[in-house]
Amino acid sequence: QVQLVESGGGLVQAGGSLRLSCAASGNIFRINTASWYRQAPGKQRELVAGISSLGNTNYVDSVKGRFTISRDNAKNTVYLQMNSLKPEDTAVYYCNAKLFTTPTVLRVYWGQGTQVTVSS
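Residues numbered from 1 in each chain as written. Predicted model: local features only at pLDDT ≥ 70, side-chain atom pairs only at ≥ 80, totals over all residues. Heavy atoms only, no water.

If you had to explain the packing of aromatic side chains to someone new, which residues and values would you point to?
In this structure the tally under the stated criterion is 1 aromatic pair. One Lys or Arg, R45, reaches over the ring of Y94 and ends 3.8 Å from the middle of that ring. Cation over ring: R45 sits above W110, and NZ or CZ is 4.9 Å from the ring centre. (Phe/Tyr/Trp six-rings, centres within 6.5 Å; stacked < 30°, edge-to-face > 60°. Lys NZ or Arg CZ within 6 Å of the ring centre and 35° of its normal.)

So what about the state of the cysteines? Which residues, and what values?
The final tally for this structure, using the stated rule, is 1 disulfide. Put simply, C22 and C95 are joined by a disulfide, and their sulfur atoms are 2.1 Å apart. Taking the torsion about the sulfur-sulfur bond, which here is approximately -80°, the covalent link between C22 and C95 counts as left-handed. A residue pair is termed long-range when its members are at least 10 positions apart, and C22 in strand 3 (residues 18–26) and C95 in strand 9 (residues 91–100) qualify at 73 residues. (Disulfide = S-S within 2.5 Å. Helix = DSSP H or I, 4+ residues; strand = E, 2+ residues; numbered from the N terminus.)

Quick one: what's the story with the pattern of salt bridges, residue by residue and with numbers?
This model, assessed by the stated rule, comprises 4 salt bridges. Here D89 ties to R66 by a salt bridge, and the two come within 2.7 Å at their closest N and O atoms. With a gap of 23 residues between them, D89 in the loop between strand 8 (77–82) and strand 9 and R66 in the loop between strand 6 (57–59) and strand 7 (67–72) connect regions that are remote in the sequence. Taking the relative accessible area as the measure of exposure, D89 reaches 1% and is therefore buried. Each member of the salt-bridge network shares a partner with another, and the members are R38, E46, R66 and D89. (Salt bridge = Lys/Arg side-chain N within 4 Å of Asp/Glu carboxyl O. Buried < 20%, exposed > 50% of the residue type's maximum accessible area, 1.4 Å probe, protein only.)

If you had to explain the environment of Y109 to someone new, which residues and values would you point to?
Here Y109 lies in strand 10 (residues 106–110). For the pair formed by Y109 and N56, sequence separation is 53 residues and the distance between their alpha carbons is 20 Å. In this view, Y109 contacts V2, L4, C95, N96, A97, L99 and T101; residues no more than four positions away in its chain are not counted. (Contact = heavy atoms within 4.5 Å.)

Describe in detail unusual backbone geometry, supporting the description with residues and values.
The residue N76 is not glycine, and still its phi comes out positive at about 50°. One non-glycine residue, S84, lies in the positive phi region at around 50°. Structurally, S84 can be placed in the loop between strand 8 and strand 9. Its relative accessible area of 40% is what places S84 among the partly exposed residues.

Now the structure itself:
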């Protein structure tokens, strides 16, 4: 069994910062790619940031220059550093990981989500 557990969400004022963590546990060989998504009330889930197995990153335009995705392979953990937060960043943030459970078996997993609320 593999679990992705997010943490670090909460309530913050506009302009503040939060750091989300996504820790993978269980039968893991290695994490391949990982991403952070978010879903605001009444809106579709959108891709916020992604990181490849080589550490290459990509971001949705609305968070470029403010958010940074990173990974610690030794800890099987992915992070999302969020700075200069805006009220429009308010959403439930989900971690997504494509990981190998064996050297050849690649599967996709989702975390349970963590709420981020930015007050104006």
